Amino acid sequence: MTTESIQFSVHLDVVAESLYCRYGAAPWRDLPEDTRAHFRDLVRAGVDGAGNPLTGTPQPSASDLPDRSGTAGR
């Protein structure tokens, strides 16, 4: 994993956690990985939990987004 992809992964988690905080009740760290992945996918798609566009968060282009295997954009 490159430094850039690590930084993006950290950014993706921060934005996903922030989005989850709008809708969820449990602490992010206690969520199962599939729930965290769901919120990361919402961020990748640029939508919030209600299907509305995310606002105030710069959205990277699709080519900048790593896939689940961590090999996209290489």
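Everything quoted here is computed from the prediction, not taken from an experiment. (Residues numbered from 1 in each chain as written. Predicted model: local features only at pLDDT ≥ 70, side-chain atom pairs only at ≥ 80, totals over all residues. Heavy atoms only, no water.)

Novice: I'm lost on a nonpolar patch on the surface in this one. Help?
Specialist: A contiguous nonpolar surface patch, about 260 Å² in accessible area, is contributed by Ile-6, Val-10 and Val-14. Residue position: Val-14 is located in helix α1 (residues 3-23). Under the relative-accessibility criterion, Val-14 is labelled exposed at 51%. (Patch = residues over 30% accessible without salt bridge, like charges linked within 9 Å, V, L, I, M, F, W, Y side chains within 5 Å. Areas by Shrake-Rupley, 256 points an atom, 1.4 Å probe, with all protein chains shown as cover. Salt bridge = Lys/Arg side-chain N within 4 Å of Asp/Glu carboxyl O. Helix = DSSP H or I, 4+ residues; strand = E, 2+ residues; numbered from the N terminus. Buried < 20%, exposed > 50% of the residue type's maximum accessible area, 1.4 Å probe, protein only.)

Novice: What should I look at first to understand helix α2 (residues 33-45) in this one?
Specialist: Owing to its 3.6 residues per turn, the α-helix aligns residues three or four sequence positions apart on the same side. Over its 13 residues, α2 extends 18 Å from the first C-alpha to the last, a length consistent with the 18 Å expected when each residue adds 1.5 Å. If you check which residues of α2 are buried, you get Arg-36, Ala-37, Phe-39, Arg-40, Leu-42 and Val-43. Remark: Gly-46 follows α2 within two positions and exhibits a positive phi of approximately 75°. (Expected span 1.5 Å × (residues − 1).)

Novice: Explain the nonpolar core here, please?
Specialist: As a rule of thumb, nonpolar side chains are buried together in soluble globular proteins. Ranked by size, the top nonpolar core spans 12 residues in total: Phe-8, Leu-12, Val-15, Ala-16, Leu-19, Tyr-20, Trp-28, Leu-31, Phe-39, Leu-42, Val-43 and Leu-54. Those elements that provide at least two residues to this core are α1 and α2. For this core, the element with the highest residue contribution is α1, accounting for six residues. (Core = buried A, V, L, I, M, F, W, Y, C linked by side-chain atoms within 4.5 Å.)

Novice: Sorry, what's going on with the environment of Asp-48 here?
Specialist: Positionally, Asp-48 belongs in the segment after α2. For Asp-48, a relative accessible area of 7% translates into the label buried. With 29 residues separating them in the primary sequence, Asp-48 and Leu-19 have C-alpha atoms 6.8 Å apart. Once residues within four sequence positions are removed from consideration, Asp-48 is found in contact with Leu-19, Arg-22, Tyr-23, Leu-42 and Leu-54. Polar contacts involving the side chain of Asp-48 include one to the side chain of Tyr-23, which spans 3.3 Å. (Contact = heavy atoms within 4.5 Å. Polar contact = N/O pair within 3.5 Å; in protein donor to acceptor, adjacent residues only side chain to side chain.)

Novice: Explanation requested: the packing of aromatic side chains in the structure shown.
Specialist: How two aromatic rings sit relative to each other is set out by the distance from centre to centre and by the angle between their planes. Evaluation of the coordinates by the stated rule reveals two aromatic pairs. Ring centres of Tyr-20 and Trp-28 lie 5.9 Å apart, and the angle between their planes is 55°; this geometry places the pair in the tilted category. Like Trp-28, Tyr-20 is buried. Both rings, one in Tyr-20 and one in Phe-39, keep their centres 5.2 Å apart while their planes meet at 90°; by these two values the pair is edge-to-face. With Tyr-20 in helix α1 and Phe-39 in helix α2, this residue pair connects regions lying 19 residues apart in the sequence. Each member of the pair, Tyr-20 as well as Phe-39, carries the same accessibility label: buried. Through pairs of rings, three or more aromatic residues link up here, namely Tyr-20, Trp-28 and Phe-39. (Phe/Tyr/Trp six-rings, centres within 6.5 Å; stacked < 30°, edge-to-face > 60°.)

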